[in-house]
Structures are given as C-alpha cells and as structure tokens.
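The residues making up each chain are set out below.
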Amino acid sequence: MCGIVGIVGQSPAVPRMMESLKRLEYRGYDSAGVATLSKGSLERRRAPGKLDALAGLLANSPLEGNSGIGHTRWATHGEPTEANAHPHMTDKVAIVHNGIIENFKELKDELTASGAEFEGETDTEVVAKLLTRELETGAEPRAAFQTLLSRLQGAFALCVLVAGKENLMFGAREGSPLVVGLGDGENYLGSDAMALAGLSNRLIYLEEGDWVELTRDSVQVFDRANTPVERATSISQVATTMIDKGNHRHFMQKEIYEQPTVVAQTLGRYLDPNAGTIRLPDMPFDLKDVPKITLVACGTSFYAAQVARYWIEKIARVPVEVDIASEFRYRDPVYVDGGLAIFISQSGETMDTLAALRHAKDAGQHIASIVNVLGSTMARESDLVLPIHAGPEVGVASTKAFTCSLSVLASFAVQLAADKGEIDAATVANYVSELEHAPALMAKILSDDEKIESIARDIATARDILFVGRGIYFPIAMEGALKLKEISYIHAEGYAAGELKHGPIALIDENVPVIGIAPDGGLSEKTVSNLQEIMARKGKVVLLSDNKGSIADDMYAHFEMPPAGDLISPILYALPIQLLSYYAAVEKGTDVDMPRNLAKSVTVE
Ligand code: M6R
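These numbers come from a predicted model, not from an experiment.

Asker: Which residues make up the overall build of the chain, and what are the values?
Answerer: Looking only at helices and strands, the chain features 17 helices and 27 strands. The principal-axis extents of the C-alpha atoms in the chain amount to approximately 80 × 50 × 45 Å. Relative to its 605 residues, the chain shows a buried fraction of 59%. Put simply, 70% of the contacts in the chain that link residues at least 6 apart link residues at least 24 apart.

Asker: Explain the site of the ligand residue by residue, including any values.
Answerer: Taken together, 14 residues surround the ligand, and among them Ser-301, Ser-345, Gln-346, Thr-350 and Glu-486 come closest. For the ligand, a nitrogen atom lies 3.1 Å from a polar atom in the backbone of Val-396. In isolation the ligand offers 410 Å² of accessible surface; the protein chains occlude 92% of this area. With respect to the detected pockets, the ligand is housed in the second largest pocket.

Asker: Account for the nonpolar core, with residues named and values stated.
Answerer: Ranked by size, the top nonpolar core spans 101 residues in total, and within it Ile-293, Leu-295, Trp-311, Ile-312, Phe-412 and Phe-467 carry the most contacts. The contact partners of Phe-467, leaving out residues within four places of it in the chain, are Ala-477, Gly-480, Ala-481, Leu-484, Ala-492, Glu-493, Gly-494, Tyr-495, Ile-515, Ile-577 and Leu-580. Phe-104, Leu-107, Ala-128 and Leu-130 belong to the second largest nonpolar core, which has 26 residues in total.

Asker: Residues and numbers for the layout of surface pockets, please.
Answerer: Rolled over the atoms, a probe with the dimensions of a water molecule shows which regions are left empty. As a volume, the largest pocket reaches approximately 830 Å³. Lining the largest pocket are 36 residues, with Val-238, Asn-372, Val-373, Leu-374 and Gly-375 sitting closest to its centre. Ranked by residue count, the leading element in the lining of the largest pocket is helix α7 (residues 259–270), at three residues. Along the lines of polarity and charge, the residues of the lining of the largest pocket split into 16 nonpolar, 14 polar and six charged. Roughly 650 Å³ of internal volume is contained in the second largest pocket. Around the second largest pocket, the lining is made up of 31 residues, and of these Cys-298, Gly-299, Thr-300, Ala-599 and Val-602 lie nearest the centre. Sorting the residues of the lining of the second largest pocket by element identifies α8 (299–316), β20 (340–345), α10 (351–362) and α15 (473–488) as the ones contributing at least two each. Here the lining of the second largest pocket takes five residues from α8, the largest share from any one element.

Asker: Just give me the short version of the pattern of salt bridges, but keep the residues and values in it.
Answerer: For the structure on display, the rule yields 33 salt bridges. Residue Glu-25 is joined to Lys-22 by a salt bridge in which the shortest nitrogen-to-oxygen separation is 3.0 Å. Ionic pairing is found between Asp-286 and Lys-288, a salt bridge with its closest N-O pair at 3.2 Å. Accessibility expressed as a relative area gives 45% for Lys-288, which makes it partly exposed. Through salt bridges with shared partners, a single ionic network connects Arg-173, Glu-208, Arg-358 and Glu-381.

Asker: Any details on the environment of Ser-488? Residues and values, ideally.
Answerer: Inspection of the secondary structure assignment puts Ser-488 in helix α15. A residue is classified by how much of its surface remains accessible, and Ser-488, at 0% relative accessible area, is buried. Expressed as a C-alpha distance, the spacing of Ser-488 and Asp-448, which sit 40 residues apart in the sequence, is 22 Å. Of the polar contacts made by the side chain of Ser-488, one reaches the backbone oxygen of Leu-484; its length is 2.6 Å.

Asker: Please provide a residue-by-residue account of the environment of Pro-273, values included.
Answerer: The residue Pro-273 is located in the loop between β16 (271–272) and β17 (277–278) in this model. Other than its neighbours up to four places away in sequence, Pro-273 contacts Val-432 and Glu-436.

Asker: I'd like to hear about the packing of helix α3 (residues 104–113) against helix α4 (residues 123–136), residue by residue, with values.
Answerer: Axis separation between α3 and α4 bottoms out at 10 Å; the angle between their running directions is 45°. The angle between α3 and α4 falls in the class oblique. In the packing of α3 onto α4, the handedness of the crossing is left-handed. Residues Phe-104, Leu-107, Lys-108, Glu-110 and Leu-111 of α3 form the contact with α4, whose participating residues are Asp-123, Val-126, Lys-129, Leu-130 and Arg-133. Across the contact of α3 with α4, the residue classes break down as five nonpolar, no polar and five charged.

Conventions used here
- Residues numbered from 1 in each chain as written.
- Predicted model: local features only at pLDDT ≥ 70, side-chain atom pairs only at ≥ 80, totals over all residues.
- Heavy atoms only, no water.
- Helix = DSSP H or I, 4+ residues; strand = E, 2+ residues; numbered from the N terminus.
- Buried < 20%, exposed > 50% of the residue type's maximum accessible area, 1.4 Å probe, protein only.
- Contact = heavy atoms within 4.5 Å.
- Near = heavy atom within 4 Å.
- Polar contact = N/O pair within 3.5 Å; in protein donor to acceptor, adjacent residues only side chain to side chain.
- Areas by Shrake-Rupley, 256 points an atom, 1.4 Å probe, with all protein chains shown as cover.
- 1 Å grid on protein atoms, 1.4 Å probe; cavity = no way out; pocket = protein on both sides within 12 Å on 5 of 7 lines; lining within 4 Å.
- Sits in = over half its atoms within 2 Å of the grid points.
- Core = buried A, V, L, I, M, F, W, Y, C linked by side-chain atoms within 4.5 Å.
- Points joined across faces, edges and corners; volume = space filled by probe spheres on them.
- Nonpolar A, V, L, I, M, F, W, Y, C, P; charged D, E, K, R; others polar.
- Salt bridge = Lys/Arg side-chain N within 4 Å of Asp/Glu carboxyl O.
- Axes fitted to C-alpha atoms, helices over the stretch in contact; angles between N-to-C directions.
- Parallel < 35°, antiparallel > 145°, perpendicular 65-115°, else oblique.
- Left-handed = near helix turned anticlockwise from the far one by under 90°.

Keep in mind these values describe shape, not function.
So, in structure tokens, the structure goes:
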C-alpha cells in the first residue's frame, strides 16, 4: 500500500527520500512523487509507474531543499496517473496521505461551491485544498492543521509541508500508521519503520488520533483532544542495509528458498529440543483456562489460521472459530467469556485484521497477535505477541511468513494441549522432535525443485487450475490457488476434495490441471478416490504425495514428497505449491514480486 516519508533536515532531502521510497517499494505502488521546500517555495515531481520514472524526472529537473515529503501511491480514488499521484500541492501546502478520507465527496462539494478547482480525482487533493483554505483565512499553520483534522473522517496518515516554513512539518495518524524518526538536528516521518531505516532507529509510534509537529530539533505530539502527550521512544530492529535478492532472480524466489533457515530460526525461539518442551512468552492469562479460540486474518495468514484450527482442535481439544477479518466484525460474532482471539498478520498493519482485533479487544477477549513486524500496530495493541521471526518479506506473495506463522501456531497448539492436560510430556517431546526435523525436510523438498519447475512450465498455459485436499490440506489447497492466481494471473481455486462432486467437477476436462495434495495416511485414500474421479473425466492430475499408490499410471505428474509426521506435513506441503506458482509465473513473464493491482500491506478497508 502507499508509503510515506518526510524529512525536516539539514542536507538535501531528495536523495534520502528516494532511498526511503526504494525501501517502501515492497509495499506495492503504481505511482510516486516527492515535494520539497526551497527558499520558502514548494515544488514537486510526480510520475506514474515505478520509482525509476520519478528518478528520471528528477535527473532532468532536480529539486533542491532540505525539507521534503515523498510518497509511493497504490491507487484507491482515481487511476495511477501523474495528476492523481502524491504529493498534492497548492501554493501554500504539500501533502502526502495514506488511507481513505470517507467524507471527501462532501468536502469536495463544499470546496467546489466556494470556487476551488481540482486537477485529479483523489481524496488527498481535497485535503490539500481544505488546509489551504484554512491558511487563507489567516490561521497560523498549527491552528489550520487542527481545524483540518477536525473536518476529516476516515482512515489516514498525513504528512504536510507548509510554504515559507522550511523548519516545520505536520503529521497525523488516524487509522493508518505513522512513525516519527528522531535524528540529530533533523526529524522524520514515515509510514513504517522500514521507511525510516536509513534515517533513524529511534522511533516514536503515533497512537490513533495523534498528530505531531516537527522541526529540526523538536517533536511535539498531541492527542485527538489537542493535548500535548508523551509517547515512548523505541529502538527499531529493522536492518539499515537495503534488502537485496542475493543470487536470486526475484525476492519471492529468495524467500521460498530461505525457508529452511528462517523456519529453523523461528523454531529455535519456540522449542527447547534438549528439554523436549515448547517455550512461549510469558502470558497475562492462563492458557489452561481458555475456553475457546478465535482466529482471524486475511489472505495467506487466513489460510495459516485455518490450518491451525485443525491442530488446535485435534491436539488440544479446544473449540476454534476461524474467520476472514473483513467479515468478522460485521457479523456480530458471539464471544465467550475469557476467550482468546488470535490475529495473524505478516505486516501487523492489515486494516481489516486490525479492526477485527479492536473489535475483540472491546469485547474483553484476551488478544494475541502472530506478526512478523514487531513494532506493528497489532503487536502494540495485543496482550500477547508471538513473533514469527521470518525476517523482512518483500515479495508481495507471502511465502516464508506463511511457513513461519505455521511453525509458531504448531508450537502454540502443542503447548495449549499440554496446558489443557490433553497430552503428556512424552507426547510434547515427540512433537518437539518432529518440528525440529521440519527444516531439513524443507531443504530436501527444495533441492528437488527441477521436477516441480518442469510441471509448472507445463501447466502455465492452462486457463483454470484447481487445487484439492482434504482435512488440514484443504487450506493448503486454497493457499496454493491464491498463490498461483496472485502472481501468474491464472484462474485457480482450492477445494475440499470431497466437495468437487457437488459442483466444481463440472469444470473438469483435458485442459484443467488439478493439483492433488494427498500425503500418505489419514484421509489420503479418500482424496485419491476423488482424484480418480477427476482422471475419469480426463482431468490432468498432478499429485503431491509421499505415496503415488494406485493412481501412478494414470497421473499427469507426481511430485514426490518425503514422508513426514502429521504435525509438520502441512508446513512441508506449502513448499511445492509455492514453487509451482513461482515457476508458472516466471514462465508467464509476470512481475512476480509486484503483481498487478496488489500491495504487500493492505492498510485500507
Ligand atoms: O500482512 P498480512 O499477513 O496481514 O497480509 C494478509 C494478506 O494481505 C496477505 O497474506 C496476501 O493475501 C498475500 N499477498 C498473499 O500472498
């Protein structure tokens, strides 16, 4: 989603803002821009497309000035054109904005009636014109900014420069994150710690409703009631070096192949192999008293939640409810006293998941979050944080965050079962040992990638592809379909294998590949029967299994998986489906790391 950087500085702002915008590229964007204040006047450059287009513009027509604001925009109101790109500017102010101003239409009508003209379709341009009108009444910048905030409804993070005031910047947070970076004789604003990584590691996370006035040597934070407030300074753990792809062609590829390492690191934080026990952080509530668990997330994190439901119900015998965050709070969920609500989010900033978290918190549930970004809003608003330790995930398609989230959830399920008295110490130790073996098995699967690459090349021409699995492999099938469609743009669906005959089997013909996820044991025979039904209708079955069994001769392809225990199997089966999607996308020549229309962190509803 959109990214923000702001500098009230002592040296040229543009090169440093461009570096920050580069760090924000991973969030997904379709236009970018910067504005600076030089000799009292505001100037800007904006360009649709990638940062290279903006860099080209700046090379031909540089901007001077030590104070500036920059933005990467993921289009919401209006297409990704230059006119809609940020910063939005008048002769008095320049503004960058993340989020959505919900009452922008009404404000625009009001401004239009008093003679304002608009060049684009964005809600942000309305904010710039509204602030300008306040300044034109003679209001001081601070008072004008306060009035502006009182008129806005919706979710926003704003960063504002005022003409003639080189040593001044305003920021505000309402629903979209905004972070202050503290420098020496300079101060900064950013949409997240990553934006500020090259500028400062001393950060102040603004709270909802906060606004801030920055100069080079002062930072004053105010709450929604305009009362000055102190907010804690924290030290960012985000690496200052630019994350690179190493020897890989894409970040997604790098992130797929580093999974054995990062999952081992994650498990290293949650397992004590010598003692054969699980280590969870101290909890402000007792797991043994939790009567019900609610798991809420979006996209890939939602599929992690669905996998976890099987683990928790099977091993710990605790009832679990799972929902998509964008639906959860609107259906008036029934909470149980003392219930634990767990929110899973790589970014920790996904708007729908955050809103669901607040809904559950208001209802008095214990709140836990499973996040990759430690300073994220979800982490800060939770009673318990279970970090996934995946390291920065840049590819829009989530891969290592999925397997690391699963590793945390599996550890959690085992500890919950132990605390509930459902399993004894010996069983915990067996699970710990099984989890410990996951990274080595992951490495083995990845070393066999040529086979899956060749299957991916074959199926990349298909128009539709189905993924099927039963039980805990049903969510893995849905994750496979999501991964494939988001990066290769091939239409794909994930189904419970037993459900095919209730409708989707009508889609099957010789042009439809079906990826069957069927590890030996458990429900595999039933899945294999369903795959046979598909083959009887000429469907091209690709089987992912450690046992090709009776259907070997009729299959289109088989990717051999190593045998593994039930607990870690879903984690392992995530790998071939990621590879399949990745290589199909490469074959199709799509923008793998930044697929069209998508953003890494979805901070709008
Ligand atoms: O940061 P989050 O885990 O909350 O993000 C949730 C989804 O937006 C995310 O998983 C999305 O579905 C990915 N693009 C999937 O690869």
